[in-house]
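Each chain, letter by letter, is given below.
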Amino acid sequence: MGSSSSLVPVASVLILLLCCSGLTTGTNAAAAGSGGLKLNYYSESCPRAEEMVREEVRRLYEEHGNTAVSWLRALFHDCAVKSCDASLLLDTDAAAAGVVSEKSSPRSFGMRNFKYVDAIKAALERACPGTVSCADLLALAARDGAAALGGPADVPVRTGRRDGTESFYADAERYIPNHNESVSAVLERFKAMGVDDAEGVVALLGAHSVGRVHCSNLVARLYPAVDGAMDPSYGAYLRGRCPTADASEESDTRDVAYARNDRVTPMVLDNMYHRNLLKGRGLLLVDQRLASDPRTAPFVRKMAADNAYFHERFADALVRMSENAPLTGDQGEVRKDCRFVNK
Ligand code: HEM
Ligand SMILES: *[C@@H]1O[C@H](CO)[C@@H](O)[C@H](O)[C@H]1NC(C)=O
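So, a few notes on the structure that sits alongside this text. (Residues numbered from 1 in each chain as written. Chains lettered and ligands numbered in written order. Predicted model: local features only at pLDDT ≥ 70, side-chain atom pairs only at ≥ 80, totals over all residues. Heavy atoms only, no water.)

## Thoughts on the site of ligand 1
Step number 1: For ligand 1, the set of nearby residues contains 22 residues, the closest of which are Arg112, His208, Arg212, His214 and Asn217.
Step number 2: With respect to ligand 1, the side chain of Arg112 contributes an N or O atom lying 2.7 Å from an oxygen atom.
Step number 3: Here a nitrogen atom of ligand 1 sits 2.9 Å away from a polar atom, N or O, in the side chain of His208.
Step number 4: For the shell around ligand 1, the secondary structure elements donating two or more residues are helix 4 (66-80), helix 9 (183-192) and strand 1 (212-214).
Step number 5: If you tally residues by element for the shell around ligand 1, the top one is helix 4, at four residues.
Step number 6: Looking at the shell around ligand 1 residue by residue, the class counts come to 13 nonpolar, six polar and three charged.
Step number 7: Looking at which domains feed residues into the shell around ligand 1, each of domain 1 (20-176) and domain 2 (199-313) gives three or more. (Near = heavy atom within 4 Å. Polar contact = N/O pair within 3.5 Å; in protein donor to acceptor, adjacent residues only side chain to side chain. Helix = DSSP H or I, 4+ residues; strand = E, 2+ residues; numbered from the N terminus. Nonpolar A, V, L, I, M, F, W, Y, C, P; charged D, E, K, R; others polar. Domains from an automatic or database assignment.)

Here it is, written out as structure tokens:
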């Protein structure tokens, strides 16, 4: 009798251990409050959701390679402003919902391919109306975009995010770093986003191994003199790409002309970004600063030496960034059209 009743507390301790170790292991961002997200959230409500996103991202990548590039930047901009809630994707719709879009912030300059978000969402809506959130769409598309570009494959992105009902135009400039930010400010912003290590930041900025930068974000490093941290021959090349120094010149091309982020492997998400930094061939001032700041430089060197290591750290940091303060449960909504809150 006595021995059987003493089994009860033992069993409940065991159950407690099993239950709660499951909650804390295997989730990177428990501290950032990602509770509610899980792998394959749509396995019952829309079993092919992740497959459909992957197929659409693939199809679009084959038509327009730079769509895959856009998904990476879009996820960063969405998650940097408050949470990964697709606030980025809302259109300015002042009359109906009082929305002023983050897309119209100066920080969003150069963002493209939003119309293809609509294509991915349309495929999901056809199969599973009103089920898969735009916030999850962005996270999954970034994962699949990275893979299409030769980055890490099968990044374990969790799902279950809900869509917000606001866009935070004014906060975009506050939370998304500028091209000439200090390393301290950049580390601070990423910390607030759940990426609290310099290594994760150095990995994530490796996204600048693909895509382009408009000259407006570069000319301060080229004129009147080429930045001393830049390889002079690269400076000469970039001056050729960006001939206008400032607005006083009669045909100012700074907002239309651009340079590739990585001249060597422009469409591959690889460690050429870090290798370029070591040669003084970073484009943005913040990029180049990662190679000289003592907090970040060791990781630049480590990733430059080992692409597989870069991929591993990139995957880890991407997951953490994608889990910044998501709306879950009955918070927010699932938008039918990523551009507008449901009526
Ligand atoms: C300190 C942080 C960052 C700053 C200051 C920054 C800034 C910028 C700027 C100024 C551009 C060029 C925009 C243009 O002129 O067209 C750009 C492009 C881009 N950024 Fe970042 N970025 C940062 C972090 C990130 C992160 C974390 C990601 C993704 C993981 C990312 C992905 C991209 C991509 C893919 C492009 C190319 C977009 C295209 O070609 O359409 N960036 N970024
Ligand atoms: C950063 O660049 C912007 C223009 O893009 C400029 O207005 C600002 O003064 C610069 N900030 C610093 C600290 O140089």
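Moving on, there is more to tell.
## Overview of the layout of surface pockets
Step number 1: Reported here for the largest pocket is a volume of approximately 870 Å³.
Step number 2: Elements that contribute at least two residues to the lining of the largest pocket include exactly helix 4, helix 9, strand 1 and helix 15 (307-322).
Step number 3: Of the residues forming the lining of the largest pocket, the biggest block, nine residues, is contributed by helix 4.
Step number 4: Here the lining of the largest pocket spans two domains, since at least three of its residues come from each of domain 1 (20-176) and domain 2 (199-313). (1 Å grid on protein atoms, 1.4 Å probe; cavity = no way out; pocket = protein on both sides within 12 Å on 5 of 7 lines; lining within 4 Å. Points joined across faces, edges and corners; volume = space filled by probe spheres on them.)

## Some points on the coordination of the iron atom of ligand 1
Step number 1: You will see that the iron atom of ligand 1 has only one donor from the protein, His208 (NE2), lying 2.1 Å away.
Step number 2: With respect to the helices and strands, the residue His208 is situated in the loop between helix 10 (198-204) and strand 1. (Donors = N, O, S within 2.8 Å, 3.2 Å for Na, K, Ca; no water.)

## Things to note about empty space enclosed by the protein
Step number 1: The full count for this structure, using the stated rule, is two cavities of 30 Å³ or more.
Step number 2: Of the volumes computed, that of the largest cavity is approximately 40 Å³.
Step number 3: Lining the largest cavity we find His208, Asn261, Tyr273, Asn276, Leu277, Arg281, Gly282, Leu283 and Asp287.
Step number 4: Taken together, the residues of the lining of the largest cavity sort by class into three nonpolar, four polar and two charged.
Step number 5: In this structure, the second largest cavity occupies an estimated 30 Å³ of space.
Step number 6: Surrounding the second largest cavity, Leu89, Lys103, Phe114, Val117, Asp118, Cys338 and Arg339 form its lining.

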